[in-house]
Amino acid sequence: MRALILFVLLITVAGAAALAETRPGLTDPLYANDHLAAPPGAAGGAAGAFYNPAAWAACDRSSDAFWWNDDNRPDKHFDNWGLSFGRTLGFAVRHHTIMTSPGDYAGVTDWQIGLAKGNRRSHSALAWRWSTGDTHAVPREKALAIGHILRPGRGLALGLAGVESMESDARHGALDLAWRPLGKPWLTLFGDYVLRGGEQWDNGRLGGGLTVQPVPGLRMGLHLREDPTGDDYQATYSLGITLGTHGFTALPSYDGDGDHRHTTYLLETNAPRAPLPIEPRIFAPPARIVALNLENRRLTYQKYRMFDDVRLAWLDLAHVLDAIRRDDQVSGVALNLASFSGRPSLIWELRETLAELRDDGKEIHIHLDRAGMLLYALAGVANRVTIDPEGMLDLHGLDLSRTYMRGLLDKVGLGFTALQYFDHKTAVEVLSRHDMSDADREQRGRIVDVIYEWIRSASCLNNDLFDADYDEIVNEDVLIYADEAVALGLADDMARWHDLGDWLAVQRNAELVAPDASLLRVHHDERWGRPPTVAVVYAVGGCDMDTGIKGRATSAYMRGLVGDPDVAAVVLRADSPGGDPLPSDLVAEAINLLREAGKPVIVSQGDVAASGGYWISMNGTEILTTPLTITGSIGVISGWVWDKTMHESAGLNADGVSRGAHADIFRSVRYPFAFAVPYRDMTEQEYDMARDRILTMYDRFVVAVAKGRNLDEDHVRAVGGGRIWMGEDAVEQGLCDGIGGLVDAIARARELAGIDPDDEVLLREYPPRPLLEWPSMRLPLPGLALSLRMPSALWGVMPESSEESEPGELGYLKSIADSAGSPRLLLAPGCLPEDWKQ
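Every value quoted in this text rests on a predicted model; they were computed, and no experiment measured them. (Residues numbered from 1 in each chain as written. Predicted model: local features only at pLDDT ≥ 70, side-chain atom pairs only at ≥ 80, totals over all residues. Heavy atoms only, no water.)

## A short note on the overall build of the chain
Here's step 1: Regarding its fold elements, the chain presents 22 helices and 40 strands.
Here's step 2: Looking at the chain as a whole, 54% of its 838 residues qualify as buried.
Here's step 3: Surface accessibility of the chain: about 36500 Å² in total, with carbon and sulfur atoms responsible for 55%. (Helix = DSSP H or I, 4+ residues; strand = E, 2+ residues; numbered from the N terminus. Buried < 20%, exposed > 50% of the residue type's maximum accessible area, 1.4 Å probe, protein only. Areas by Shrake-Rupley, 256 points an atom, 1.4 Å probe, with all protein chains shown as cover.)

Rendered as C-alpha cells:
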C-alpha cells in the first residue's frame, strides 16, 4: 500500500511537471545521469542518487561513488565531478561548470541529503536539495526530491523520480524501465523518459540502451538519449570492471555526428555488482588463521540482539564458518573453547562443520582449559589441540539415573496412581516406583551406549588412539591434568590461548586474524527482486500453549506463512520432550497446511524430539535428526496425584457443595503461599474413563504417525508403545529420513523449494530475536518468592529461556499434577547425562 501511495505521488509530480512553467532553477535530470551506464532502477547504488534518491537503498549495503568528466575549461582540469555515499542515510554533492556565454563560465555545487529504505523489492527515498556557488549566473532553487524503485521479480525494474521546487512551481519528473529477458544480469534492456517543467507528456526526452555482462565483474553498454536541446542525440558507451568491492567504469559520449563530447569516469566502493571471479594479488600474503574466541560462551539457537556476551547463536557461527570455507586466503580456524558449552545436538553439528572444513584443507586449532567428554569429542576434530597448563580433562564416563520419589510421596502423605499402559512409556515411574524398571533400563542403556560410542569415535579420530585406549583412560585415569593429557596423546601441547599467534607465526608462517567484515563479505547479488525466504521456526521446550513451544502463537505464525508469497519453505527446529497434545497438534496441523500450499517443511530435530516433540515432527516433508537426538516415544501417559493424608498433618481440610457425579474431582486442598493438591483419589469409574481417554489418544497418535510418515499402522505400534529411539535407530525404523543438522535442513528446504544452490535466500527466524534481556529481580520472602520482570512483550523472551529441553523431576511432578489425569505426551525426565545440562 505504501508503495502504491508513493507511486501515485510520483505520477502526480511528473504530471505536474508538464504543467509547470519552464524554469532553470532545478538540476536538469538529463545531466544527473551522464555517469551511469544504466538508469538507477536497473543499476542501483549511490551513484544514481541524484537521478533517483531511492538508488541509495537499492544496494545490499552502504556504497560510495565518485565521478568526474573531462569536459573542462581550458585553464582548469577538474570542473565537473560528483560524490555520493550512504544507504539508509544518504549524502551527495555534485559540482558542475557551465558556459554562460562565450569565454565565460560559472560553477555551481548541488547538494543532497536524504533518507532511503528498501527491502530488495521496493525502495523509496525522500531527499532535500540545495545549491551553492554562482547561483546568480546558474539559478538554483531549494527542492524536495522523491524516488521509488520497484523490482517485482528477476526480470523487471521500474524507477520513478520527481523533484519539486520549494521556491517556485518548477518540477521535473523521470521514469525508467528495465528488462532482463533471461532473468539474470547477462543482458539488460532499458529505457528512460524525462519530463522537465513546461514539457507535455508527449514532449519529454526519451532514452534507451542495453548493458551486457558476459562474466561477473565485466560490463559493457550503450545508452542513447535525446540531447537536452531536443535537436540531437547523445550516445554514451560504457566499459566497467569490478574487482573485489571496487568498481571502475569509463563512459565516453558522442554526438549524432560521431564527434567525441567528453568521457566520464566512475569509481565505486561496495559497488552494487558482483566482482570478477579473481583475487588480484601483488604479493603472496602469509597464511591467515581466523581466531574465534568462544570462551565462556554457550552455543544455542538464538541470542539477544544487544548486550548478550553469553549466548552464541548457531546460525551466526555457521555463517562465519561458511565464510572461512569459501575464502581461499584463509588457511584455517582457531577456536578458544575454554569454558565453552552448548546443546549436544548443536555441538555435534559444530563438529561436523569443522570436519568438513578440515576435509577442504583448512587447519583446525582448538584450545581447551577444562573439558568434559562432550567438549573433548568436539576438540577431537582438530589438527592441533592445546590445553591450558592448569587445565584438566574430565573423562569419567556417562551416567543416566533418575530420582524416584514414591517413598517421599508416601512420607509426606501424597497419593499417586500411574496411568501407565505401555511398558516403555516410563515417564511416571519416578513417582510410582522406587527403582528403575527393566523396560526403562533397556532403553536408557541404549542411550548411554550410543552416546558413549559416538564420543569415543569422535575423540579418537585424529589422535591415533584406539577404542581400547580410550576405554582404559575412562576406566583408569578419569581426571587428567594437562601434562598427563599431552603424555597420553589427548593434547598436542600445553599453552595459553594468547600465545597461539606467536606459535603460528613461527611454526606455520601464519597470521592469526579476527573475523572482520572483509571475511564475512558476500558480494552483491545483482538479481532483481526480493530473494526467496526460508522461515526457521524454533519449537523449543515443553509442548504447552503459551510457554515452551508456545503452541498457540507458533501455530498461528506458521499458518500465516501459508499465504506469504515471500516464504518458499519452512524449517521447524523441534527440541521438545512433549507435554500437552493440543499445542502439539496445532503445530502439526500448521505443517500440513503449509505442505498443502506447496511449501516444503523440513523438521530438524534437536537434543530431544520425543512424544509430543515427535508429534510436532511427524508431518514434516522430511525429518532430519542427529546421532545424539532422543526421539520417538510414541505413547501417552498420565497420573493422578491426590492429598492422601498431608492435609491432616498440616491441619487443613477441604469441604464444599457440588452438583454432578464427578464435580468434586478437582476439589483441592490449597496450602497457603504454596500449591494446591486434589482432595481425593479417583473412583474406579473415573480411572476407567481416564484409561479410555489415554488409549484413544494413543490410537490417534499411531494413526497420525502412520499417515504423516506413510508407514503401516502395525509397524508404528511395533516401534511405539513409548519406546525411545536414538537418531540413527529412528532413521532405520522409518521415523526419520536422515542424519543432519539445522544448516542441512535449511539446505534441503532450499532444494525442495526449487531454489538454485547459488541463489541467495533470506532466513527469517521465529520467534524474532529479542532486543535485550531485562534482569530478573527476585525478592526472597518467607514462604513466598516474588519475581519482578519487565513485560515480555516489550523485551521478548528467548524460546529456550529455560535452556533445558526436558524438565527436572520436580518440574515433571508439577506437570503431572497440573494435567489432573488428562493424557500427556511426555518423555521421562533425565534422558540426557546430567553434566550435559550445564
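## Concerning the packing of helix α3 (residues 314–326) against helix α20 (residues 742–752)
Here's step 1: Running from amino to carboxyl end, α3 crosses α20 at an angle of 75 degrees, the nearest separation of the two axes being 10 Å. By the angle between their axes, α3 is roughly perpendicular relative to α20. When α3 is examined against α20, the residues Trp-314, Leu-315 and Ala-318 are found in contact with a partner set consisting of Leu-742, Val-743 and Ile-746.
Here's step 2: For the contact of α3 with α20, the residue count by class is six nonpolar, no polar and no charged. (Axes fitted to C-alpha atoms, helices over the stretch in contact; angles between N-to-C directions. Parallel < 35°, antiparallel > 145°, perpendicular 65-115°, else oblique. Contact = heavy atoms within 4.5 Å. Nonpolar A, V, L, I, M, F, W, Y, C, P; charged D, E, K, R; others polar.)

## Remarks on the environment of Leu-488
Here's step 1: Residue position: Leu-488 is located in the loop between α10 (482–487) and β24 (493–494).
Here's step 2: Taking the C-alpha atoms as reference points, Leu-488 and Ile-473, separated by 15 residues in sequence, lie 8.6 Å from one another.
Here's step 3: In this view, Leu-488 contacts Leu-465, Ile-473, Asp-477 and Ile-480; residues no more than four positions away in its chain are not counted.

## Overview of the environment of Tyr-481
Here's step 1: Here Tyr-481 lies in strand β23 (residues 479–481).
Here's step 2: Beyond its immediate chain neighbours, meaning those up to four positions away, Tyr-481 contacts Gly-391 and Met-392.

## Here's the deal with the packing of helix α8 (residues 438–460) against helix α9 (residues 467–476)
Here's step 1: Axis separation between α8 and α9 bottoms out at 10 Å; the angle between their running directions is 110 degrees. Compared by their axis directions, α8 and α9 come out roughly perpendicular. Of the two possible hands of crossing, α8 and α9 adopt the one that is right-handed. Between α8 and α9, the residues in contact are Tyr-452, Ile-455, Arg-456, Ser-459 and Cys-460 and Asp-467, Tyr-470, Asp-471 and Val-474, respectively.
Here's step 2: Grouping the amino acids of the contact of α8 with α9 by side-chain chemistry returns five nonpolar, one polar and three charged. (Left-handed = near helix turned anticlockwise from the far one by under 90°.)

## Considerations on unusual backbone geometry
Here's step 1: Residue Pro-767 is reached from Tyr-766 by a cis peptide bond, and omega for that bond is -5 degrees.
Here's step 2: Positionally, Pro-767 belongs in the loop between β37 (762–766) and β38 (777–781).
Here's step 3: Of note, Asn-296 is a non-glycine position whose phi angle comes to about 60 degrees, a positive value.
Here's step 4: Topologically, Asn-296 is positioned in the loop between β15 (287–293) and β16 (298–300).
Here's step 5: Taking the relative accessible area as the measure of exposure, Asn-296 reaches 54% and is therefore exposed.

## Quick look at the packing of aromatic side chains
Here's step 1: Throughout the structure, instances matching the rule amount to 15 aromatic pairs.
Here's step 2: Ring centres of Tyr-557 and Tyr-766 lie 4.0 Å apart, and the angle between their planes is 10 degrees; this geometry places the pair in the stacked category. Of the two residues, Tyr-557 sits in helix α13 (residues 551–562) while Tyr-766 sits in strand β37, which places them 209 residues apart along the sequence. The same class applies to Tyr-557 and to Tyr-766, which are both buried.
Here's step 3: Through pairs of rings, three or more aromatic residues link up here, namely Phe-66, Trp-68, Trp-81, Phe-248 and Tyr-265.
Here's step 4: A cation over a ring is seen here: Arg-384 above Trp-503, with NZ or CZ 3.6 Å from the ring centre.
Here's step 5: The lysine or arginine in question, Arg-691, covers the ring of Tyr-421, its NZ or CZ lying 5.5 Å from the ring centre. (Phe/Tyr/Trp six-rings, centres within 6.5 Å; stacked < 30°, edge-to-face > 60°. Lys NZ or Arg CZ within 6 Å of the ring centre and 35° of its normal.)

## Concerning a nonpolar patch on the surface
Here's step 1: A surface patch of nonpolar side chains, about 640 Å² in accessible area, is lined by Leu-89, Ile-113, Leu-115, Leu-126, Trp-128, Leu-144 and Met-166.
Here's step 2: Within the fold, Trp-128 resides in strand β5 (residues 122–133). (Patch = residues over 30% accessible without salt bridge, like charges linked within 9 Å, V, L, I, M, F, W, Y side chains within 5 Å. Salt bridge = Lys/Arg side-chain N within 4 Å of Asp/Glu carboxyl O.)

## A word on the side chain of Asp-34
Here's step 1: As for its position among the elements, Asp-34 is in the loop between α1 (2–19) and α2 (40–43).
Here's step 2: One buried charged residue, Asp-34, remains without a salt bridge, the closest side chain of opposite sign being Arg-94 at 4.5 Å. (Lys, Arg positive; Asp, Glu negative; His and termini not counted.)

## As for helix α14 (residues 581–596)
Here's step 1: Spanning 16 residues, α14 covers 22 Å between terminal C-alpha atoms, matching the ideal 22 Å at 1.5 Å per step.
Here's step 2: The set of residues buried in α14 consists of Pro-581, Pro-583, Ser-584, Val-587, Ala-588, Ala-590, Ile-591 and Leu-594.
Here's step 3: Of the residues that open α14, the one with a side-chain oxygen 3.0 Å from the backbone nitrogen of Leu-582 is Asp-580.
Here's step 4: Downstream of α14 by one or two residues, Gly-598 has phi in the positive range, about 85 degrees. (Expected span 1.5 Å × (residues − 1). Polar contact = N/O pair within 3.5 Å; in protein donor to acceptor, adjacent residues only side chain to side chain.)

## Overview of the sheet that holds strand β19 (residues 341–342)
The pairing of strands in a sheet happens through backbone hydrogen bonds and is either parallel or antiparallel.
Here's step 1: The parallel open sheet is built from three strands, whose spatial order is β17-β16-β19. A single partner strand is all that each edge strand has here, and the edge strands are β17 (311–313) and β19.
Here's step 2: The pairing of β16 with β19 spans two bridges and is parallel. Residue pairing for β19: Arg-298 is matched across the bridge by Ser-341.
Here's step 3: Together, β16 and β17 form the strand contacts of α3, whose direction differs from that of β17 by roughly 60 degrees.
Here's step 4: Against the sheet, helix α4 (residues 344–359) touches β16 and β19, its axis set at about 95 degrees to β16. (Pairing = 2+ DSSP bridges.)

## Section: the nonpolar core
Here's step 1: Leu-354, Ile-366, Leu-368, Leu-393 and Leu-395 are the most contacted members of the largest nonpolar core, which has 80 residues in total.
Here's step 2: In terms of residues, this core owes the most to one element, α8, which gives eight residues.
Here's step 3: When neighbours within four sequence positions are excluded, Leu-395 is seen to be in contact with Gly-372, Met-373, Tyr-376, Tyr-470, Ile-473, Val-474, Val-478, Ile-480 and Leu-490.
Here's step 4: Core analysis: the next-biggest nonpolar cluster, separate from the first, contains 50 residues, Met-697, Tyr-698, Val-702 and Trp-725 among them. (Core = buried A, V, L, I, M, F, W, Y, C linked by side-chain atoms within 4.5 Å.)

## Let's talk about a negative patch on the surface
Here's step 1: A surface patch of like charges, here negative, comprises Glu-352, Glu-356, Asp-359, Asp-360 and Asp-744.
Here's step 2: If one sorts the elements of the negative patch by residue count, α4 sits on top with three residues.
Here's step 3: Along the polypeptide, Asp-359 turns up in helix α4. (Charge placed at Lys NZ, Arg CZ, Asp CG, Glu CD.)

## Considering the pattern of salt bridges
Here's step 1: Applying the stated rule across the entire model yields 35 salt bridges.
Here's step 2: The residue Asp-566 makes a salt bridge to Arg-121 at a minimum N-O spacing of 2.4 Å. Within this pair, whereas Asp-566 is found in the loop between α13 and β27 (567–576), its partner Arg-121 is found in the loop between β4 (104–118) and β5, the two being separated by 445 residues in sequence.
Here's step 3: In this structure Asp-566 comes out as buried when scored by relative accessible area, which is 18%.
Here's step 4: On the basis of relative accessible area, Arg-121 is assigned to the partly exposed category, the value being 26%.
Here's step 5: Across the pair Arg-446 and Asp-729 runs a salt bridge whose closest N-O atoms are separated by 2.9 Å. Remark: Asp-729 occurs in helix α19 (residues 727–732) and Arg-446 occurs in helix α8; sequence separation between them is 283 residues.

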